[in-house]
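Descriptive analysis of the structure
Read off the chains here:
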Amino acid sequence: MMTDAMTSRLRPVQLGKTTLVAVLDIRSTKICCVIARLTPRAEGKALRGRSHRVEVIGFGYGPSTGVKSGVVTDIEKAEHAIRSVVGMAERAAGLTLESVIVNVTAGRLGSETFSAAVSLDGLEVEKADIHRVLRAVNERSVRPERSIIHALPIGYALDGQKGIHDPKGMVGEKLGVDVAVVSSETPAMRNLELVLHRCHLQIEALIATPYASGLATPVDDEAQLGVACVDFGGATTTVSVFNDGHLVYADAIAIGGHHLTLDIARQLSVSVADAERLKTFYGSVLPGRADERDMIAIQPVGATHDEAPGQVARSVLTRIMRPRIEEILTAIRDRMQATGMMDVCGRRFVLTGGASEMTGLPEVARRILARNVRNGRPMGIAGLPEMAKGAAFATVAGMLIYPRVCSREYAEPRGTRKLTGTDGYFCPRGKLAAHQLLKSDCSSYITGMSKQIYKRSGTHLPDNCRPGWDILYTPGDKWTGPVLGTLSRDGRQRFSDIEKALPALSQRMLTLTLRRLERDGLVQRETYPTVPPRVEYELTERGKSLLLAVKDFSGWGFENHEDIEQSWKRFDADE
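Residues numbered from 1 in each chain as written. Predicted model: local features only at pLDDT ≥ 70, side-chain atom pairs only at ≥ 80, totals over all residues. Heavy atoms only, no water.

Remarks on the overall build of the protein chain
- The secondary structure content of the protein chain amounts to 18 helices and 21 strands.
- Scored against the burial criterion, the 575 residues of the protein chain give a buried share of 50%.
- Taking contacts inside the protein chain between residues at least 6 apart in sequence as the whole, the part at least 24 apart equals 68%.
- Taken as a whole, the protein chain presents about 28,000 Å² of accessible surface, with 51% of it coming from carbon and sulfur. (Helix = DSSP H or I, 4+ residues; strand = E, 2+ residues; numbered from the N terminus. Buried < 20%, exposed > 50% of the residue type's maximum accessible area, 1.4 Å probe, protein only. Contact = heavy atoms within 4.5 Å. Areas by Shrake-Rupley, 256 points an atom, 1.4 Å probe, with all protein chains shown as cover.)

Regarding the state of the cysteines
- Applying the stated criterion across every chain, the model contains 0 disulfides.
- The closest cysteine sulfur to the non-disulfide-bonded Cys-33 is located on Cys-32, 7.2 Å from its own sulfur. (Disulfide = S-S within 2.5 Å.)

Some points on unusual backbone geometry
- You will see that Ser-69, though not glycine, has its phi angle at about 55 degrees, which is positive.
- Among the structural elements, Ser-69 can be located in the loop between strand E4 (67–68) and strand E5 (71–72).
- Of the residues examined, Ser-69 reaches a relative accessible area of 18% and is grouped as buried.
- Phi is positive for His-200, which is not a glycine, with a value near 60 degrees.
- Tracing the sequence through the fold places His-200 in the loop between helix H3 (186–198) and strand E11 (202–208).
- In this structure His-200 comes out as buried when scored by relative accessible area, which is 7%.

Examining the sheet that holds strand E18 (residues 372–375)
- The sheet built from 5 strands is open, its strands ordered E14-E13-E12-E17-E18 with mixed pairing. Two strands bound the open sheet, and with one partner strand each, they are strand E14 (246–253) and E18. Adjacent strand axes in the sheet meet at a mean angle of 20 degrees, parallel and antiparallel pairs treated alike.
- Across 4 bridges, strand E12 (residues 227–232) lies against strand E17 (residues 348–352) in parallel orientation. Residue pairing for E17: Cys-229 is matched across the bridge by Val-350.
- On top of the sheet, helix H4 (residues 209–216) reaches E12, strand E13 (237–243), E14 and E17; it is set at about 55 degrees to E13, its chief contact. (Pairing = 2+ DSSP bridges. Axes fitted to C-alpha atoms, helices over the stretch in contact; angles between N-to-C directions.)

Quick word on the environment of Pro-403
- Tracing the backbone through its elements, the reader meets Pro-403 in the loop between helix H11 (394–401) and helix H12 (431–440).
- A relative accessible area of 3% means that Pro-403 is categorised as buried.
- Each C-alpha atom of the pair Pro-403 and Arg-11 lies 7.4 Å from the other, and the pair is 392 residues apart in sequence.
- Pro-403 has contacts with Leu-10, Pro-12, Val-13, Val-21, Leu-38 and Ile-101, leaving out every residue within four places of it along the chain.

Re the pattern of salt bridges
- One pass over the structure, following the stated rule, counts 25 salt bridges.
- A salt bridge links Glu-79 to Arg-198; the nearest nitrogen and oxygen atoms lie 2.9 Å apart. Taken as a pair, Glu-79 in helix H1 (residues 75–93) and Arg-198 in helix H3 lie far apart in primary sequence, 119 residues in all.
- Linking Arg-377 and Glu-357 is a salt bridge whose minimum nitrogen-to-oxygen distance equals 3.3 Å. Here Arg-377 is found in the loop between E18 and H11, whereas its partner Glu-357 is found in the loop between E17 and helix H10 (361–369), with 20 residues between them in sequence.
- Salt bridges here are not isolated pairs; linked through shared partners, they connect Glu-76, Glu-79, Arg-83 and Arg-198. (Salt bridge = Lys/Arg side-chain N within 4 Å of Asp/Glu carboxyl O.)

Considerations on the side chain of Ser-183
- Relative to the elements of secondary structure, Ser-183 occurs in strand E10 (residues 174–185).
- Ignoring anything within four residues of it in the chain, the contact list for Ser-183 reads Arg-108, Leu-109, Gly-110, Arg-143, Arg-146, Ser-147, Ile-148 and Ile-149.

Quick notes on the environment of Gly-87
- Here Gly-87 is to be found in helix H1.
- On a C-alpha basis, the gap between Gly-87 and Gly-60 in space is 7.5 Å, while along the polypeptide they are 27 residues apart.

Let's talk about the packing of helix H7 (residues 272–282) against helix H8 (residues 314–339)
- Viewed as axis vectors pointing N to C, H7 and H8 meet at an angle of 105 degrees, and their least axial separation amounts to 11 Å. In this view, H7 runs roughly perpendicular relative to H8, as classed from their interaxial angle. Contact residues: Leu-278, Lys-279, Phe-281 and Tyr-282 in H7; Arg-314, Leu-317 and Met-321 in H8.
- Of the residues assigned to the contact of H7 with H8, the class counts are 5 nonpolar, no polar and 2 charged. (Parallel < 35°, antiparallel > 145°, perpendicular 65-115°, else oblique. Nonpolar A, V, L, I, M, F, W, Y, C, P; charged D, E, K, R; others polar.)

Describing the sheet that holds strand E2 (residues 30–40)
- With respect to topology, 5 strands assemble into an open sheet ordered E3-E2-E1-E6-E11, the strand pairing being mixed. Here the strands that pair on one side only, and so sit at the sheet edges, are strand E3 (52–63) and E11. On average, each strand axis in the sheet is inclined to that of its neighbour by 25 degrees, with strand direction left out of account.
- Of the strand pairs in this sheet, strand E6 (residues 99–104) and E11 are connected by 6 bridges, and their pairing is parallel. Looking at the pairing, Val-102 lines up with Leu-206 of E11.
- Sitting on the sheet, H1 is in contact with strand E1 (19–26), E2 and E3, with an inclination near 140 degrees to E3.

Some details on helix H6 (residues 257–268)
- Taking 1.5 Å per residue as the helical rise, H6 with its 12 residues ought to reach 16 Å, and the 17 Å between its terminal C-alpha atoms agrees with that figure.
- On its buried face, H6 sits against H7, strand E15 (295–298), strand E16 (310–313) and H8.
- Of the residues trailing H6, Ser-269 is marked for its positive phi of about 55 degrees. (Expected span 1.5 Å × (residues − 1).)

Description of the packing of aromatic side chains
- Counted under the stated rule, the structure contains 4 aromatic pairs.
- Judged by centre distance (5.5 Å) and plane angle (55 degrees), the rings of Tyr-61 and Phe-393 are tilted. Here the residue Tyr-61 occupies a position in strand E3, and Phe-393 occupies one in the loop between E18 and H11, the gap between them amounting to 332 residues.
- Overall, Phe-393 belongs to the buried group, its relative accessible area being 5%.
- Grouping aromatic residues by their ring pairs yields a cluster made of Phe-59, Tyr-61 and Phe-393.
- The residue whose ring lies beneath Lys-30 is Phe-393, and the NZ or CZ to ring-centre distance is 5.4 Å. (Phe/Tyr/Trp six-rings, centres within 6.5 Å; stacked < 30°, edge-to-face > 60°. Lys NZ or Arg CZ within 6 Å of the ring centre and 35° of its normal.)

As for the nonpolar core
- In terms of nonpolar packing, the biggest core is built from 70 residues, with Leu-24, Ile-26, Ile-82, Val-102, Leu-196, Tyr-211 and Tyr-402 touching the most fellow members.
- Dropping the residues within four chain positions of it, Leu-196 is found in contact with Leu-24, Ile-26, Ile-82, Val-102, Leu-201 and Ile-203.
- Phe-232, Ala-265, Ile-320 and Met-341 belong to the second-largest nonpolar core, a separate cluster that totals 43 residues. (Core = buried A, V, L, I, M, F, W, Y, C linked by side-chain atoms within 4.5 Å.)

Quick look at the structure:
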């Protein structure tokens, strides 16, 4: 999914076509999975760019475990929590997920603005020139320790004249561009990718959490004139700034609503669950006239049911919570002032997220930020359950909007070489490819898939060659090699054991692969009458003989890969 520098851009939703999309919101306090159907509709006036209507067909929600401030801290617990939520959404939708859109909060999320320019020599701007200037920005922004999540062009300049949205077809001497680059530390993203692979899910695309929240809550006029969206999450608070309709800044700090809960638990010596209840029902950051007289019953930690509960004034709760909120807002203000974003965001802040519904928060924010502040809820998403229509689910709503606006981003073209005739399956060159061939004891890259080339080109396949091509189709399949290699290495195995050994393979694809191998007589299955039924698979003699031939082919590839690479370089240089 991820390259060394830049994540893959999601393929945009096609106008006039219905499509399915699945999003997975992984946060420190909750995990939410939504499966939705995007149906074409007429573009609305209030929310421009919403070309599809969202119909939610599957919804899963549960508490988050194994994740802290967006960072995976316990891979086993995180896997269990994600599996539970995704399974809930799959059962509601009646389908099985293979890939999801995932949000990123971890890895010291941050953004920078980069500029670059290329010469046009007085010619018209073509699509290749736009790619050339964007590639120049990418070369400046790439760093080995960070991965780029978004590369969003803010605006183009032609001969110093800024404010150009689409320069294609215009004439000039020099083309420049400003790009907002959102990045995160690579190890944190790798751990997120790892836990999802253990859940048999591929990452279709990554989206920064502040960007998702900013897509869902501000209206078009706010995004055009300048607005900052602050998402108060459980363990993180994120900020996104929009100007002229584009994301220009994103940031995250590791303080959120859960820290208020811990402050209450420590100061009042109550359990974390009781502290959360006190914050939800009685919490306020704005003192009231009757707070000194209003008494709240509390149950100290370790107290028995026979002991009478203690009492504290409501004003005590306010004095505990307000300093933490002021700390968060002050940190946001200082960071935005240091980067110059307080001027870019105009006069408007939008507060969203679960902790934003706290009583008195907008008033305190107006005093500290010295801007107009309002509470924001997700807009433009219909069909969500009642529990998911609040500010706590703004990120989920933004992730459902993202497939319709992702075409604005720049994605670096892939530089890999297509080694097989498979439909769009690319294999890396050199030692990595040879290592994978030997590791699985079976080649999933065999060029027997050249049969597909015959089909595409319309070339007639001779009848006397047809049986051979049909046989070679099986070892040339993408997942046949890993499955046969696993059975050869570990012997007879249950379906669940094969599934664990190949975390990148979805349950549905593993089922289809095993059925095809059983049909060809390469694998045999045995079912035991238990509850639930136990199914085991093992290689047949025919399957074992195929592995011998493939192993010889893999060894040939490993021995000759350096010479072949040199031939590639000479051939490319001559071209």
